[in-house]
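# Breakdown of the fold
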Amino acid sequence: MIAPSILGAAVFVVYPLVALFWYSVQDWRPLAGGPEFSGLDNYIRLLSDTTLRDSLIASGIFSVGLVALNMSIALVLAVLLNQKLAGTTVFRTIFFSPVVVSLVAWTLVWTFLLQNNGGINALFSLVGLEGPNWLKDTGWAMLSVIVVQVFKGVGLNMILLLAALQDVPEELVEASRIDGASRFRVFRSITMPLISPTLLLVSIVTVIGSLQVFAQIRIMTGGGPSNSTNVLANYLYQVAFEVKEFGYGSTVGVVMFVVVLGLTLVQWLARTKWVHNEN
Amino acid sequence: MKTSRTLTASKKWRGSVIALYSALILLTIPFLFPAWWMVSSSFKPLSQIMEYPPTLLPRDPTLDAYVAVFEQPFLLQYWNSLYIAVLVTLGTLAVSAMAGYAFARIRFPGVNALFLVVLLGLMLPAEVTIIPLFQLFTALDLNNTHWPLIIMPIFGASSVMGTFVMRQFFLGIPQELEDAGSMDGLNRFGIFRRIALPLARPSLAAVAILSFLASWNAFLEPLVFLSSRDKFTLPLALTQYTDSVGLPIWNVQQAAATLTVRPVLLVFVFMQRYFVQGLAQTGVKG
Amino acid sequence: MNTNHTKHARRIGAAFTSMLMVGALAACSTEPALPDEPVDLTVALWSANEAHLALFNEIGAAYVEANPDLVSSITFETIPFDAYTSTLTTRIAAGDPPDLAWMFESSAPEFVDAGALVDLTETLSATEGYDFEDLNPSAMKLWTESDSTYAYPFSTTPQIFMVNNDLFHAAGIPTAREMLEAGDWTWDGIRDSSAAILAATGKPGFPVRLDPAVWQYLALIWEGFGASPWSEDGTECTFDSPEMVEALEFIRDGVYVDAAFPKPGSNFDFFSGGAAMDAGGISQANKLDGSFDWDVLPLPEGPAGQVNIIGQAGIGVLKAGDNHAQAAGFLAYYSNPENAAKLAQFFPAPRLSLTNVDVLGPVNPVLSADQLQEIVVDTVTDAQTFPSHANFAAISNAVQPLFDGIWTADSDIPSIAADVCGVMKPLLER
């Protein structure tokens, strides 16, 4: 029963990882030749690779920005939808709909909207403002990419948080309201601790997802302007499949692996501090 | 005295209801405006698509863009995406239900270590191992076929996610239920099939939705593994509506996007209760 | 796990070695050793144009019919333009290469230098009626190395200016043709007209393509300033030359100071009347219809004079493929004088005998004989090509981010240009 899963994980997870490390010490450009063992050359090259430095920064900003924005909007939406208003289902459907929409289609529509002479800036000009050059300005491109990604995925987190909110026992909330606690206090000291396991799960999933961002970057900015949105995944693709360096590309893959490993570890350690009622 | 207090309270309540609704409506803009813009642009002639300031409605609506969509093998690409996603979903369900159950119920040496290996796949972005996988499928002579797009998720990332969700669910099923089954003479597999699996429907739905969407949205894998247009899946196909210098032909692109998005949205709107419940379940259990 | 890995590694190693061996064996047998079985040939190309494909299939079918013992079918397979070269090289790396492939000029040296192409000299010159000497040497330069011809530049396309006279009239300024006659058809003149047209009509005059992904096409402008990104032999960076800096500053100031050129990230469609000028290959002119009064002109003059530029695309036989002899044989047929004449309706041929108004006239119906003489025949012999390099993919990848920095309002272009040379230098040498 377990065999397909184990075999699958061995072939498609473990083997590629082992191979990745082996490739990362090769000089290998499939058009020109190789693979040829090159020791630590690729790793030495990492140290002076300014684009790699740029993309580590870009990945960092993207992940932090995405998680912060996604989690807070998801929480706001979930709380709003938890107010037992009429028509909640309609709003829930609207907020959730981008989740089921094709990622590339969603990205293309936004790319079109965010052109310098596109729809968003048209909206701005209606109220007499000149919008920025969203995807071409180093100050705005990253924000644009993050926001587009947040709207795409926030619905899923919203649903998960909403489910957690609905599991919060009503008596508990009402009891503390009668005790004179403000709405905000109740939320902070009763609701938040109760939904914190879900918050943690959702944030982990969001962080992991944020590192996989590729299609969006490739379509919206191609990593530009000036590498400001060139996240690790995009840089790896550029090195491996555009410049055609499988050896060095694998080395960048190792960097990415280490980053993911580190992040998971940090979250694992932070979990005890964070989650109040882990069973 | 008493009446007036309730009056102010209800006034306050009404005020906050209005505030809540305004907030909600305002928040729908970034979700609805793109959808509308996409459809509206797809009916614009090319000469109006980049007009500045753009018009919110097409002035002379035309179906030209939709005709242009089908100059590429769009239907075939649609079919490719659909059948791959369906196969991936079915395969993932089978693999992850079995593995999830086994990890939750069957004790054998090294089970924890094995589960860790499976989890490793959960956090690993696809990009990390794309080069070795590319080489693997090259050695198997399966490049530019749909096999990598089908096999990889079934045995790789999608199933790992599924296994995780299913294990969490099966851990929550009371053991007594199953003991009753074994007293009725069912073996392990029988218990799994007759008792555990039917209970797991909401979780199975969640796994199905997530793996379907992952396959439906995949971009890196088709980009790396496919090179012929008639093998493309939709995400890759959508990016191909470009002119002779590689710039997007916006109205055709938006038309293709509309055709890609609408049917799925329709299905979603009708089935959204199942979507939402299924997914919410995993969150609580996870 | 470990044994598992080594097994896989060994399998891949074996597959890789066998791939190399097939390549080596095939390389040894370049003499037309006749096979026992006819083969299926595939040709990778980026055109998805139905008219193009219909003609290719017609040529292919004719060849199959004439040589049933050599070739059983010829398939033209479109790889999307967007990521053409990387997809093609990925297919080569995947051991699934086409037999023949189109190539952009920018990556021509990359394919030639890597030894990825089969030497065609013998096949072409030995083919009866091929008239090898008719191939224009200046067109063949990029595809030739030490007297060996590695590809046939089937498309040798003069770059031209197309203008929308209506928008010039609307702005009340002299038309491009009048500028040319008055000697004002210069980059400065284009900038001033662009600013006037934008101010008067709200539509851009000349939307310079500032997308870093296609930075090499700015050669249209900087060649007129006497600039080039690297030295003729490709070993030295000249991107920091005063000429290049002047050209880049001209473009940037055109955007931010003179409000003449649109900012990066704006999109316009010249052919539907969205801009007053556009530059591109001559075949683009066939998209012009009667919806506005238009004209075509040669490239304008820069401070260093007027420089003609041709865009090229070549077709060659990939060494990674299995059927070198058959593929080369088909290429000789595909590019013989008769077929080259047919192809000339879409792609100006690199043949001297086909570079005249009589041949070009009927297939470029929108252009007059005078226009053709002016923009094709007079330009094609002394033209420059767009930048190309044996390490183009890596160079392009490395410099693109820096181009974003150039196109900002207060960019320090001399220092960015020096940075460009900084990242380019190791790549030029490699």
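Residues numbered from 1 in each chain as written. Chains lettered and ligands numbered in written order. Predicted model: local features only at pLDDT ≥ 70, side-chain atom pairs only at ≥ 80, totals over all residues. Heavy atoms only, no water.

### Some points on the overall build of chain C
- When its secondary structure is counted, chain C shows 17 helices and 12 strands.
- Its C-alpha atoms give chain C a radius of gyration of 23 Å, within 12% of the compact-globule value 22 Å for 430 residues.
- Considering only contacts within chain C whose residues lie at least 6 apart along the sequence, 75% involve residues at least 24 apart.
- About 16700 Å² of surface is accessible on chain C, with carbon and sulfur atoms providing 52% of the total.
- For chain C, the distance from the average site of its 17 positive side-chain charges to the average site of its 58 negative ones is 10 Å. (Helix = DSSP H or I, 4+ residues; strand = E, 2+ residues; numbered from the N terminus. Rg over C-alpha atoms; globule rule 2.2 N^0.38 Å. Contact = heavy atoms within 4.5 Å. Areas by Shrake-Rupley, 256 points an atom, 1.4 Å probe, with all protein chains shown as cover. Lys, Arg positive; Asp, Glu negative; His and termini not counted. Charge placed at Lys NZ, Arg CZ, Asp CG, Glu CD.)

### What to know about the overall build of chain B
- For chain B, the helix and strand inventory stands at 14 helices and 0 strands.
- If you list the helices and strands of chain B from N to C, you get α-α-α-α-α-α-α-α-α-α-α-α-α-α.
- Here chain B has a C-alpha radius of gyration of 25 Å; the compact-globule value for 286 residues is 19 Å, and the former is much larger.
- In terms of its C-alpha atoms, chain B occupies a principal-axis envelope of roughly 85 × 70 × 30 Å.

### So, the interface of chain B and chain A
- Contacts between the two partners involve 85 residues from chain B and, on the opposite side, 87 residues from chain A.
- In total, chain B and chain A occlude about 7700 Å² of area from one another, counting both sides; carbon and sulfur atoms represent 84% of this.
- Considering only the surface of chain B that becomes buried against chain A, Phe31, Met123 and Ile131 of chain B emerge as the three largest contributors, covering 10% of it.
- Where chain B packs against chain A, one counts 0 salt bridges.
- Applying the counting criterion to the chain B and chain A interface returns 2 residue pairs in polar contact (both at pLDDT 80 or more).
- The element that contributes the greatest number of residues to the side of chain B that touches chain A is helix H14 (residues 250-285) of chain B, accounting for 18 residues.
- In the side of chain B that touches chain A, the residues fall into 68 nonpolar, 16 polar and 1 charged. (Buried area = accessible area lost by both parts, 1.4 Å probe. Salt bridge = Lys/Arg side-chain N within 4 Å of Asp/Glu carboxyl O. Polar contact = N/O pair within 3.5 Å; in protein donor to acceptor, adjacent residues only side chain to side chain. Nonpolar A, V, L, I, M, F, W, Y, C, P; charged D, E, K, R; others polar.)

### Here we look at the pairing of strand S1 (residues 26-29) of chain A
Residues and elements named next belong to chain A.
- The alternating pattern of S1 places Gln26 and Trp28 on a buried face, while none of Asp27 and Arg29, on the opposite face, is buried.
- Here S1 runs beside strand S2 (residues 33-37); their pairing, made up of 3 bridges, is antiparallel. Bridge assignment links Gln26 to a residue of S2, and that residue is Phe37.
- Connecting the antiparallel pair S1 and S2 is a turn made up of 3 residues. (Buried < 20%, exposed > 50% of the residue type's maximum accessible area, 1.4 Å probe, protein only. Pairing = 2+ DSSP bridges.)

### Things to note about the packing of aromatic side chains
- One pass over the full model with this rule turns up 72 aromatic pairs over all chains.
- Pairing Trp230 of chain C with Phe392 of chain C gives two aromatic rings, centres 6.4 Å apart and planes at 75°, and the pair type is edge-to-face. Placement of Trp230 of chain C in the loop between helix H10 (219-222) and helix H11 (242-256) and of Phe392 of chain C in helix H16 (residues 392-406) is noted, with a sequence separation of 162 residues between them.
- Above the face of the Tyr248 of chain A ring, Arg45 of chain A is positioned so that its terminal group lies 3.7 Å from the ring centre.
- The residue whose ring lies beneath Arg351 of chain C is Tyr130 of chain C, and the NZ or CZ to ring-centre distance is 4.7 Å. (Phe/Tyr/Trp six-rings, centres within 6.5 Å; stacked < 30°, edge-to-face > 60°. Lys NZ or Arg CZ within 6 Å of the ring centre and 35° of its normal.)

### A closer look at the state of the cysteines
Residue and element names in this part refer to chain C.
- Throughout the structure, instances matching the rule amount to 1 disulfide over all chains.
- Note that Cys237 is cross-linked by a disulfide to Cys421, the S-S spacing being 2.0 Å. Since a negative S-S torsion denotes a left-handed disulfide, the Cys237-Cys421 link at about -80° is left-handed. With Cys237 in the loop between H10 and H11 and Cys421 in helix H17 (residues 413-429), the pair connects residues that are 184 residues apart, well separated along the chain. (Disulfide = S-S within 2.5 Å.)

### What about the packing of helix H10 (residues 188-199) of chain B against helix H11 (residues 201-217) of chain B?
Residue and element names in this part refer to chain B.
- At a minimum axis distance of 5 Å, the contact between H10 and H11 shows a crossing angle of 70°. As summarised for this structure, H10 and H11 are arranged roughly perpendicular, according to the angle between their axes. Facing H10, whose interface residues are Leu197, Pro198 and Leu199, H11 presents Arg201, Pro202 and Leu204. (Axes fitted to C-alpha atoms, helices over the stretch in contact; angles between N-to-C directions. Parallel < 35°, antiparallel > 145°, perpendicular 65-115°, else oblique.)

### Re the interface of chain C and chain A
- Listed per partner, the contact involves 27 residues of chain C and 29 residues of chain A.
- Surface buried jointly by chain C and chain A totals about 2500 Å² across both partners, of which 57% is contributed by carbon and sulfur atoms.
- Along the contact surface separating chain C from chain A lie 1 salt bridge.
- Linking chain C to chain A there are 10 residue pairs in polar contact (both at pLDDT 80 or more).
- Of all the secondary-structure elements, those providing two or more residues to the side of chain C that touches chain A are helix H1 (2-28), helix H3 (84-93) and H16 of chain C.
- In terms of residues, the side of chain C that touches chain A owes the most to one element, H16 of chain C, which gives 6 residues.
- Residue composition of the side of chain C that touches chain A, by class: 12 nonpolar, 11 polar and 4 charged.

### A short note on the domain arrangement of chain C
Residue and element names in this part refer to chain C.
- Segmenting chain C into domains produces domain 1 (34-157 + 311-377) and domain 2 (164-310 + 384-429).
- Relative to domain 2, the C-alpha centre of domain 1 lies at a distance of 29 Å.
- Opposite the 24 residues of domain 1 that make contact, domain 2 presents 27 residues.
- Both faces considered, domain 1 and domain 2 share a buried interface measuring about 1900 Å² in area, 60% of it formed by carbon and sulfur atoms.
- For the domain 1 face of the interface with domain 2, the top three residues by lost area are Ser106, Glu110 and Val366, together amounting to 26%.
- Counting every contact that joins domain 1 to domain 2 gives 1 salt bridge.
- At the surface where domain 1 touches domain 2, the tally comes to 3 residue pairs in polar contact (both at pLDDT 80 or more). (Domains from an automatic or database assignment.)

### Some words on a nonpolar patch on the surface
- Taken together, the side chains of Leu123, Leu126, Val127 and Leu129 of chain A together with Trp36, Leu56 and Leu57 of chain B present a nonpolar region at the surface, about 690 Å² in accessible area.
- On the secondary structure map, Val127 of chain A appears in the loop between helix H6 (119-126) and helix H7 (141-166).
- The class of Val127 of chain A is exposed, set by a relative accessible area of 64%. (Patch = residues over 30% accessible without salt bridge, like charges linked within 9 Å, V, L, I, M, F, W, Y side chains within 5 Å.)

### Description of helix H6 (residues 130-139) of chain B
All names here are of chain B.
- Burial of H6 is extensive: 9 of the 10 residues sit out of reach of the surface.
- What H6 keeps buried is the set Ile130, Ile131, Pro132, Leu133, Phe134, Gln135, Leu136, Phe137 and Thr138.
- Just past H6, the residue Asp141 takes up positive phi, approximately 60°.

### A closer look at the side chain of Thr149 of chain C
Residue and element names in this part refer to chain C.
- Looking at the element boundaries, Thr149 is found in strand S5 (residues 148-149).
- The class for Thr149 is buried, based on a relative accessible area of 4%.
- Here Thr149 is in contact with Val118, Asp119, Leu120, Thr121, Leu124, Phe132, Met140, Trp143 and Thr144, once residues within four sequence places are set aside.

### Notes on the pairing of strand S1 (residues 39-45) of chain C
All names here are of chain C.
- With 6 of 7 residues buried, S1 is to be regarded as a mostly interior element.
- Judged from the 7 bridges that link them, S1 and strand S2 (residues 71-78) form a sheet pairing that is parallel. Considered in S2, the bridge of Asp40 is made with Ser73.
- The parallel pair S1 and S2 is bridged by helix H2 (residues 50-66), and the resulting crossover is right-handed.
- Bridge count for S1 against strand S3 (residues 100-104) is 2 bridges, and the pairing is parallel. Considered in S3, the bridge of Val43 is made with Leu100. (Right-handed = clockwise from strand over helix to strand, strands pointing away.)

### A few points about the environment of Pro30 of chain A
- Along the chain, the position of Pro30 of chain A falls in the loop between S1 and S2.
- A sequence separation of 211 residues divides Pro30 of chain A from Phe241 of chain A, and the C-alpha atoms of the two residues are 10.0 Å apart.
- Those residues within four positions of Pro30 of chain A in sequence are excluded, and the remaining contacts are Lys244 and Phe246 of chain A together with Ala93 of chain C.

### A closer look at the environment of Met256 of chain A
- Secondary-structure assignment places Met256 of chain A in helix H12 (residues 246-274).
- A residue is classified by how much of its surface remains accessible, and Met256 of chain A, at 1% relative accessible area, is buried.
- Taking the C-alpha atoms as reference points, Met256 of chain A and Leu232 of chain A, 24 residues apart in sequence, are found 6.8 Å from one another.
- Those residues in contact with Met256 of chain A that lie beyond four places of it in its chain are Leu211, Leu232, Ala233 and Leu236 of chain A together with Pro125, Glu127 and Val128 of chain B.

### Some details on the pattern of salt bridges
- Under the definition given, this model contains 17 salt bridges over all chains.
- Here Glu245 of chain A ties to Arg29 of chain A by a salt bridge, and the two come within 3.5 Å at their closest N and O atoms. With a gap of 216 residues between them, Glu245 of chain A in the loop between helix H11 (232-242) and H12 and Arg29 of chain A in strand S1 connect regions that are remote in the sequence.
- Its salt-bridge partner being Arg191 of chain C, residue Asp258 of chain C comes within 3.9 Å of it at the nearest N-O pair. Of the two residues, Asp258 of chain C sits in the loop between H11 and strand S7 (277-281) while Arg191 of chain C sits in helix H9 (residues 187-201), which places them 67 residues apart along the sequence.
- Counted as one network, the salt bridges with shared partners bring together Asp27, Arg29, Arg45 and Glu245 of chain A.

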